[in-house]
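Chain by chain, the residues:
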Amino acid sequence: AERYYIEGRYYSLDPATFNKAVAAYQAAVDAVPDLTAARNNLAQLLLQSRRYGEALGHLEELRRRGMSFPGTYMSLAEAYVASGQPERAEQALDEYVGRFPHRAAGFETLGLFLVTRGRYEDALVAYDRAGALDSRNFKADFGHFVVHALEGRWLEAEANARALTTSSAPRERWQGAAALSVLALYEGDLGAARAIPDEALRRAESPDQRARVRLFRAEIAADLGRAGEALDEVKK
């Protein structure tokens, strides 16, 4: 089982080898049914290939076995939504936060689900619960920005974004800057929308950060119909 699990982890997910990864994880699960990591990874691959019914079978088995990983429940919700059963998705997420009310991740996941369903005020309540459990909760803070932006509450969204730019974590600071750039686009201020990532690129502390900023700049260029400029950013 361990050998098959390792094989599944390291197969490339291009079309030529995707099925080998699925087969490796399936073999691991067949050999040791309670090997939850292999079953969870198998479910993720099945989700990627839109085999929702098969994914649901494995995810529900993990649920039955008491799986406590919040990502498993988000995958379960995703599979139910894709299968046209959003009410069962919400039921699963509610069950998780009921079982683990001390875990911020459960409320983060519930908040994200509620955003996708357009239930913004309920999402804010979930994000508030996550923030109360973890005062430095990036996902909850970013969730507030997303909800306020979607509701057109621009001043609150800007305040959320500026708060993120004060984070001690470079990636979170960049997410805040990117959020401010998005708000500038909404307001029609193309100059500010381009200047903010330009400044972030100058301040980037690692190749990974620079790549993230360039990809963001490429997205803006592509959205504006500037394909050549977008390709230049991606190449860099």
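My aim in this report is to walk through the structure given alongside it, one point at a time. (Residues numbered from 1 in each chain as written. Predicted model: local features only at pLDDT ≥ 70, side-chain atom pairs only at ≥ 80, totals over all residues. Heavy atoms only, no water.)

### So, the overall build of the protein chain
Now for step 1: Each helix and strand counted, the protein chain has 14 helices and 0 strands in total.
Now for step 2: Moving toward the C terminus, one meets the helices and strands of the protein chain in the order α-α-α-α-α-α-α-α-α-α-α-α-α-α.
Now for step 3: When the backbone C-alpha atoms are referred to their principal axes, the protein chain occupies close to 60 × 40 × 35 Å.
Now for step 4: Counting across all 236 residues of the protein chain, residues that qualify as buried make up 39%.
Now for step 5: Taking as baseline every contact in the protein chain between residues at least 6 positions apart, the subset at least 24 positions apart corresponds to 42%.
Now for step 6: For the protein chain, the computed accessible surface area is about 12,600 Å², with 52% contributed by carbon and sulfur atoms.
Now for step 7: Charge separation in the protein chain, taken as the distance between the mean sites of 31 positive and 34 negative side-chain charges, equals 4 Å. (Helix = DSSP H or I, 4+ residues; strand = E, 2+ residues; numbered from the N terminus. Buried < 20%, exposed > 50% of the residue type's maximum accessible area, 1.4 Å probe, protein only. Contact = heavy atoms within 4.5 Å. Areas by Shrake-Rupley, 256 points an atom, 1.4 Å probe, with all protein chains shown as cover. Lys, Arg positive; Asp, Glu negative; His and termini not counted. Charge placed at Lys NZ, Arg CZ, Asp CG, Glu CD.)

### Side note on the packing of aromatic side chains
Now for step 1: One pass over the structure, following the stated rule, counts 6 aromatic pairs.
Now for step 2: For the pair Y96 and F100, a centre-to-centre distance of 4.8 Å together with 45 degrees between the ring planes defines the contact as tilted. By the burial criterion, Y96 is buried, and F100 matches it.
Now for step 3: Connected via pairs of aromatic rings, a cluster forms that spans Y73, Y96 and F100.
Now for step 4: Cation over ring: R103 sits above F100, and NZ or CZ is 4.4 Å from the ring centre. (Phe/Tyr/Trp six-rings, centres within 6.5 Å; stacked < 30°, edge-to-face > 60°. Lys NZ or Arg CZ within 6 Å of the ring centre and 35° of its normal.)

### A look at the packing of helix α10 (residues 154-164) against helix α11 (residues 170-186)
Now for step 1: It is at 7 Å that the axes of α10 and α11 come closest, and there the two elements cross at 155 degrees. Classed by the angle they form, the pair α10 and α11 counts as roughly antiparallel. Like other packed secondary-structure pairs, α10 and α11 cross with a definite hand, here left-handed. Between α10 and α11, the residues in contact are W154, A157, E158, A161, R162 and L164 and E172, R173, G176, A179, L180, L183 and Y186, respectively.
Now for step 2: Grouping the amino acids of the contact of α10 with α11 by side-chain chemistry returns 8 nonpolar, 1 polar and 4 charged. (Axes fitted to C-alpha atoms, helices over the stretch in contact; angles between N-to-C directions. Parallel < 35°, antiparallel > 145°, perpendicular 65-115°, else oblique. Left-handed = near helix turned anticlockwise from the far one by under 90°. Nonpolar A, V, L, I, M, F, W, Y, C, P; charged D, E, K, R; others polar.)

### Things to note about the packing of helix α9 (residues 138-150) against α11
Now for step 1: It is the contact of α9 with α11, at a shortest axis distance of 12 Å, that shows an interaxial angle of 5 degrees. Here α9 is positioned roughly parallel relative to α11, judged by the angle of their axes. Contact residues: F138, F142 and F145 in α9; E172, Q175, A179 and L183 in α11.
Now for step 2: Residues of the contact of α9 with α11, tallied by class, amount to 5 nonpolar, 1 polar and 1 charged.

### Considering the environment of M74
Now for step 1: Considering the arrangement of structural elements, one finds M74 in helix α5 (residues 70-82).
Now for step 2: C-alpha of M74 to C-alpha of A37: the two residues are 37 residues apart in sequence and 15 Å apart in space.
Now for step 3: Once residues within four sequence positions are removed from consideration, M74 is found in contact with L93, T109, L112 and F113.

### Thoughts on a nonpolar patch on the surface
Now for step 1: Judged by side-chain polarity, W154, V182 and Y186 come together as a nonpolar surface patch covering roughly 300 Å² of accessible area.
Now for step 2: With respect to the element layout, V182 can be found in helix α11. (Patch = residues over 30% accessible without salt bridge, like charges linked within 9 Å, V, L, I, M, F, W, Y side chains within 5 Å. Salt bridge = Lys/Arg side-chain N within 4 Å of Asp/Glu carboxyl O.)

### Observations regarding unusual backbone geometry
Now for step 1: Not every positive phi belongs to a glycine, and R50 is a case in point at roughly 60 degrees.
Now for step 2: As for its position among the elements, R50 is in the loop between α3 (36-48) and α4 (52-64).
Now for step 3: What makes R50 exposed here is its relative accessible area of 65%.

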